[in-house]
Amino acid sequence: AREAGFVVEEYYWFDPTASNRYLLEAFVRDAEEHEPAAVWLDNEQWWKSWPGYWDLLFGVTPAYVGEVFRNKELSDRAYDLLSKLRDRLSPCPVGMYTAKWFTDRWTPDTGNWINEFPLWVASYFDYGLAKYHVTWDQYFGAPPAMWKPRIPSGATKYQVLQFSSRMILPGMGIKNLDCDIWLGG
């Protein structure tokens with residue numbers, strides 16, 4: 001990707017069922033090997049049981065019935081991991097990927113520190129729609145100018161906006177993709 005002129009960044013899933021120490025060492029080892037331009041930590045897991053979550057996701061059960069993580073534990077652990085990643089990977093920027101639905105419901109304490117890190121927000125203007133094909137002109141015209149993304153409470157800025165997960169870009173067959181805009185900052 002670098003040889004083709006692309007900026008390479010890394011994206012890690014924050015799984016609070018694993019220890020922060022384990023996650024930190026795994027993420028640092030990977031980042032040191034690949035030397036990304038930035039590192040993003042996806043913070044949107046509220047469940048303690050992966051089997052219970054998969055049952056919900058695949059319709060085996062109508063609702064998740066397992067234990068969940070609580071606000072303070074999730075917020076404190078995410079802050080701890082982000083802070084340690086930032087310290088260990090400096091000067092590489094370390095930011096958080098999340099969405100208002102997650103932070104406002106599961107980790108409202110995140111709003112106390114969310115502005116300390118670069119933010120990548122997931123907020124879809126086409127939420128609820130079936131996946132759909134777009135032309136390049138339609139893609140580059142998205143999201144609509146009048147649409148306002150929902151950002152987590154406490155956040156005053158964000159650097160990346162994921163605005164759709166439904167679009168099928170030209171040449172992609174039937175595979176929809178997450179679509180993002182780099183806003184800088």
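Look up a bit, the structure's there.
Sequence positions are assigned chain by chain, starting from 1 and proceeding in written order. For a predicted model such as this one, the threshold for reporting local features is a pLDDT of at least 70, and the threshold for listing and counting side-chain atom pairs is 80 or more; totals across whole chains, interfaces and linings nevertheless cover every residue. Values shown for side chains rest on all heavy atoms present in the structure; no hydrogens or waters enter the calculation.

## What to know about the overall build of the protein chain
What counts is decided by this rule: Labels follow the DSSP assignment, with helices taken as runs of H or I lasting at least four residues and strands as runs of E lasting at least two, numbered in each case from the N terminus. Throughout, the radius of gyration refers to the C-alpha atoms, and the reference size of a globule is 2.2 Å times the residue count to the power 0.38. A 1.4 Å probe rolled over the protein chains alone gives each residue an accessible area, and that area as a share of the maximum for its type sets the label: buried under 20%, exposed over 50%, partly exposed in between. Any two residues whose heavy atoms approach within 4.5 Å at even a single point are treated as in contact.
Helix and strand counts for the protein chain come out as 5 helices and 8 strands. Mapped in sequence order, the helices and strands of the protein chain form the string β-α-β-α-α-β-α-β-β-α-β-β-β. Taking 2.2 N^0.38 as the reference for a compact globule, 185 residues should give roughly 16 Å; the C-alpha atoms of the protein chain span a radius of gyration of 17 Å, in line with that estimate. Principal-axis analysis of the C-alpha atoms places the extent of the protein chain at approximately 45 × 45 × 30 Å. A buried classification covers 42% of the 185 residues belonging to the protein chain. Partitioning the contacts of the protein chain with sequence separation of at least 6, the portion at a separation of at least 24 is 70%.

## Points about the pattern of salt bridges
Heads up, the condition is: Any Lys or Arg side-chain nitrogen located within 4 Å of an Asp or Glu carboxyl oxygen qualifies as a salt bridge.
One pass over the structure, following the stated rule, counts 5 salt bridges. Salt-bridge contacts for E25 lead to R88; the nearest nitrogen and oxygen are separated by 2.9 Å. Highlighted residues: E25 in helix 1 (residues 20–34) and R88 in helix 3 (residues 71–89), separated in sequence by 63 residues. Residues K72 and D76 are paired through a salt bridge, measuring 2.8 Å at the closest nitrogen-oxygen approach. Highlighted residues: K72 and D76, both in helix 3, separated by 4 residues, approximately one helical turn.

## Focus on helix 1
Keep this limit in mind: To estimate how far a helix should reach, multiply one less than its number of residues by 1.5 Å. The arc in question is the one spanned by the directions pointing from the helix axis to the C-beta atoms.
For helix 1, built from 15 residues, the straight-helix expectation of 21 Å at 1.5 Å per residue is met to within 8% by its first-to-last C-alpha distance of 21 Å. All of the buried residues along helix 1 are N20, L23, L24, F27, V28 and A31. Viewed end-on, helix 1 has its buried residues packed into an arc of 120°, placing them on one side of the element. Pointing more than 90 degrees away from the buried face of helix 1 are the exposed residues R21, Y22, R29, E32 and E33. Residues of helix 1 that are buried sit in contact with strand 1 (10–13), strand 2 (39–42) and helix 3. Just downstream of helix 1 lies E35, where phi reads positive at about 50°.

## Topic: helix 2 (residues 50–57)
Think of an α-helix as 3.6 residues a turn; residues three or four steps apart then line up on the same face. Note the threshold: In the analysis that follows, any N or O atom pair within 3.5 Å is treated as a polar contact, provided that within protein one partner can donate a hydrogen and the other can accept it, and provided that, for residues neighboring in sequence, both atoms belong to side chains.
Where helix 2 starts, the residue carrying a side-chain oxygen 3.0 Å from the main-chain nitrogen of G52 turns out to be S49. One or two steps after helix 2, the chain reaches G59, where phi turns positive at roughly 75°.

## A short note on unusual backbone geometry
S90 connects to P91 through a cis peptide bond whose omega is 15°. Here P91 shows up in the loop between helix 3 and strand 3 (94–98). In this chain, A142 is followed by P143 through a cis amide linkage whose omega measures -5°. Topologically, P143 is positioned in the loop between helix 5 (136–140) and strand 6 (160–164). Look at E35: it is not a glycine, yet its phi comes out positive at around 50°. Among the structural elements, E35 can be located in the loop between helix 1 and strand 2. You can call E35 exposed: its relative accessible area is 62%.

## Quick notes on the pairing of strand 6
Side-chain direction in a regular strand flips from residue to residue, so the side chains alternate between the two faces of the sheet. Selection criterion: Pairing between strands is defined by DSSP: at least two bridges between them are needed.
Burial of strand 6 is extensive: 5 of the 5 residues sit out of reach of the surface. Here strand 6 runs beside strand 8 (residues 179–182); their pairing, made up of 4 bridges, is antiparallel. Within strand 8, the residue paired with L161 across the bridge is I181.

## Remarks on the sheet that holds strand 6
Each strand in a sheet pairs with its neighbour through backbone hydrogen bonds, running either in the same direction (parallel) or in the opposite one (antiparallel). What counts here: Axis definition: a line fit to C-alpha positions, over the contact stretch in the case of helices; interaxial angles, taken between N-to-C directions, run 0 to 180 degrees.
Judged by pairing direction, the sheet is mixed, and its 6 strands sit side by side in the order 1-2-3-4-6-8 without closing on themselves. Strands at the two margins of the open sheet, each flanked by one partner only, are strand 1 and strand 8. Between one strand axis and the next, the sheet turns by 20° as a mean value, whatever way the strands run. Bridging between strand 4 (residues 119–122) and strand 6 involves 3 bridges; their strand directions are parallel. Bridge pairing links W120 to V160 in strand 6. Together, strand 1 and strand 2 form the strand contacts of helix 1, whose direction differs from that of strand 1 by roughly 165°. Helix 3 contacts strand 2 and strand 3 of the sheet and is inclined by roughly 150° relative to strand 3.

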